[in-house]
Amino acid sequence: MKLNILYGDNDLVAIQKPCGWFVHQTHLDRSAMCCMPVLRNQLGQWVYPVHRLDRGTSGVVLFALRPEIARTLGAAFSARQVKKEYLAVVRGYLPDKGRIHHAYCPPNTSSPVDAVTDFHCKGTVELPYPVGRYETARYSLMRAMPVTGRQHQIRRHCAHLRHPIIGDVRYGDRHHNRFFQSHFEIDRLLLMATRIGFAHPTSGTWTEISAPIPSPIQRLCQQFGWESDLEDKL
């Protein structure tokens, strides 16, 4: 299997990570598909991951082609000089926009860390189906822009708002997850890293890379009347 390459030059390459894949090999599931070895074989050279996405999250992931490029990009991430945009389908009606400033303990840590996410509500829908204790089901399309980059940040922040992401088996709502599985045949985390922007590590030119929305989620957004809400600038 080959990965979809979204951008490539002499310094870095960006791929579209499929849902269910790890960025690199991990002891959590040694039989799982991983982007790094597949991309290495696809390009015929070593690659260096610059950042990561959760296994269930699809979308843009950057790899450097040399260690010094990885260090430069890693420093830009640490300095919050990289802009990231995600789309998510969440339970309930979101406010029009807001900032979530909520510290928490990431997995395998014992101390809370500061975490900040800005968001906009791009669209809402109400469906005439009883889910859980309500007679109708309401959902929102969220555009999330994390300011910090903590593990599980958007998922934890959505749960903190009481608007969990659909398909999130760890922090989400099982009733709505099952509804999407049975009614829409969607059995995945509805969180996608759609765009990333950064100063190119060699030229300094501002570079933006976008990932297409997976076809099943495009069809879902068409059903919900969200087609015009999928695109926006950083």
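Above this text is the structure in question.
The sections below set out a description of the structure shown in this document. (Residues numbered from 1 in each chain as written. Predicted model: local features only at pLDDT ≥ 70, side-chain atom pairs only at ≥ 80, totals over all residues. Heavy atoms only, no water.)

1. Concerning the overall build of the chain
To keep it simple, the criterion reads: Strands are runs of DSSP state E lasting at least 2 residues, helices are runs of H or I lasting at least 4, and numbering of each runs from the N terminus. Radius of gyration: C-alpha atoms only; globule rule: 2.2 Å multiplied by the number of residues to the exponent 0.38. Each residue is assigned to one of three classes by its accessible area relative to the maximum for its type, calculated with a 1.4 Å probe on protein chains only: buried under 20%, partly exposed between the two thresholds, exposed over 50%. Here, Shrake-Rupley sampling with a 1.4 Å probe gives the accessible areas, and only protein chains in the shown set may cover a residue.
Along the chain, the regular secondary structure elements total 5 helices and 10 strands. Against the compact-globule benchmark of 17 Å for 234 residues, the chain has a radius of gyration of 18 Å, which places it among compact chains. Burial statistics for the chain: of 234 residues in total, 49% are counted as buried. Split by element, the accessible area of the chain, about 12,000 Å² in all, is 46% carbon and sulfur.

2. With respect to unusual backbone geometry
Not every positive phi belongs to a glycine, and Asn108 is a case in point at roughly 65 degrees. Counting through the fold element by element, Asn108 comes out in the loop between strand S6 (97–101) and strand S7 (116–127). Judged by relative accessible area, which is 84%, Asn108 ranks as exposed. One non-glycine residue, Glu185, adopts positive backbone phi at about 55 degrees. Within the fold, Glu185 resides in the loop between helix H4 (174–184) and strand S9 (191–199).

3. A short note on the environment of Tyr7
For the record, the criterion: Residue contacts are defined here by distance: any two heavy atoms, one from each residue, within 4.5 Å place the two residues in contact. Polar contact criterion, stated in full: a pair of N or O atoms within 3.5 Å, where within protein one must be able to donate a hydrogen and the other to accept it, and residues adjacent in sequence count only if both atoms are side-chain atoms.
Mapped onto the elements of the fold, Tyr7 is located in strand S1 (residues 4–8). Note on Tyr7: relative accessible area 25%, which makes it partly exposed. The spacing of Tyr7 and Gly204 is 197 residues in sequence and 16 Å in space, taken between C-alpha atoms. When near neighbours in sequence (up to four residues on either side) are disregarded, Tyr7 contacts Leu12, Val13, Ala14, His200 and Ile209. Here the side chain of Tyr7 touches Asp9 through a polar contact of 2.6 Å, side chain to side chain.

4. Overview of the environment of Ser58
By secondary structure assignment, the location of Ser58 is in strand S4 (residues 58–64). Given a relative accessible area of 3%, Ser58 falls into the buried group. Ser58 sits 146 residues away from Gly204 along the chain, and the two C-alpha atoms are 27 Å apart. The residues contacting Ser58, other than those within four sequence positions of it, are Lys17, Pro18, Cys19, Leu53, Arg188, Leu191, Met192, Ala193 and Pro214. Among the polar contacts made by the side chain of Ser58, one reaches the side chain of Arg188 at a distance of 3.0 Å.

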